[in-house]
Amino acid sequence: MLAGLGLRIKNNVLSLDSTDIKILEMLQEDARQTYTTIGKRLGIAHSTVYDRIRRMEQHGIIKKYTALIDAEKAGAKTITAIMTIITDPKESEKVAEKLCTAPQVTEVYTSLSEELQIIAKVIAENQESLHEFIASTVAPLPGVLRIRTSIVTKKFKETQPLIMNDPKKLTPTKNQNKSGKGENKSEK
């Protein structure tokens, strides 16, 4: 165990205890919270929170802190598209890596169903610039066999994934009041 913290290394893999998971959940909710605030909510010392966060940063569990921007509210007029790219299996890794370098591409995944697919989320200024990106950047890549593009017409939900994949295990940290605004339980 590392310095009395919940972090354990087994087979070169760092494992987290429930306190680490709760700290990560809280940081994903609001990374600007102080160590003291997180500590109070979890019933632990702020120095413990600091030590655990520092260890998770050092081990690459916490990659970076960033702001989530609502592009529409910021005045950006863009369209979002989901591209499904069918590739030659021998070239799929190279195609995915090349897509990762394009500034228009915000997410890249591979999926194996009937055939190997690359799924990419793309942001473009308009349909014309989306078409130009696909025609000049994606289609010419070696190994690309077919491209299917779906333009997103309405967004119902967009969040960063939480560390836990079982919603019942997530730590509830906010209540929604009737106005729809979050109310922090610990501040009552």
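It should be noted that the structure appears before, not after, this text.
Note that the structure is a prediction, hence the values are computed from the model and not measured. (Residues numbered from 1 in each chain as written. Predicted model: local features only at pLDDT ≥ 70, side-chain atom pairs only at ≥ 80, totals over all residues. Heavy atoms only, no water.)

Describing the nonpolar core
Counting 19 residues, the largest nonpolar core has Met 83, Ile 85, Leu 99, Val 105, Val 122, Leu 130 and Phe 133 as the members making the most contacts within it. When contributions to this core are tallied by element, the ones reaching two or more residues are β3 (79-87), α4 (92-100), β5 (116-124) and α5 (127-138). Apart from residues lying up to four places away in sequence, Ile 85 is in contact with Leu 99, Leu 116, Gln 117, Ile 118, Val 138, Val 144, Arg 146 and Ile 147. Judged by nonpolar contacts, the second largest core, of nine residues, contains Met 26, Leu 27, Val 49 and Ile 53. (Core = buried A, V, L, I, M, F, W, Y, C linked by side-chain atoms within 4.5 Å. Buried < 20%, exposed > 50% of the residue type's maximum accessible area, 1.4 Å probe, protein only. Helix = DSSP H or I, 4+ residues; strand = E, 2+ residues; numbered from the N terminus. Contact = heavy atoms within 4.5 Å.)

Some details on the pairing of β5
Among the nine residues in β5, seven count as buried, and that is most of the element. Pairing of β3 with β5, which is carried by eight bridges, proceeds in the antiparallel orientation. Bridge assignment links Ile 82 to a residue of β5, and that residue is Lys 121. Summarising the sheet, strand β4 (residues 105-112) and β5 pair through seven bridges and their orientation is antiparallel. (Pairing = 2+ DSSP bridges.)

Things to note about the pattern of salt bridges
Going through the model one piece at a time under the given rule, you end up with five salt bridges. We note a salt bridge from Asp 17 to Arg 52, for which the minimum N-O separation is 2.9 Å. Remark: Arg 52 occurs in helix α3 (residues 46-58) and Asp 17 occurs in the loop between β2 (13-15) and α1 (18-29); sequence separation between them is 35 residues. With a relative accessible area of 8%, Arg 52 lands in the buried category. (Salt bridge = Lys/Arg side-chain N within 4 Å of Asp/Glu carboxyl O.)

Focus on the packing of helix α2 (residues 35-42) against α3
Running from amino to carboxyl end, α2 crosses α3 at an angle of 110°, the nearest separation of the two axes being 8 Å. As far as their axial angle goes, α3 and α2 are roughly perpendicular. Here Tyr 35, Thr 36, Ile 38 and Gly 39 of α2 lie close against α3, whose contacting residues are His 46, Val 49, Tyr 50 and Ile 53. Along the lines of polarity and charge, the residues of the contact of α2 with α3 split into five nonpolar, three polar and no charged. (Axes fitted to C-alpha atoms, helices over the stretch in contact; angles between N-to-C directions. Parallel < 35°, antiparallel > 145°, perpendicular 65-115°, else oblique. Nonpolar A, V, L, I, M, F, W, Y, C, P; charged D, E, K, R; others polar.)

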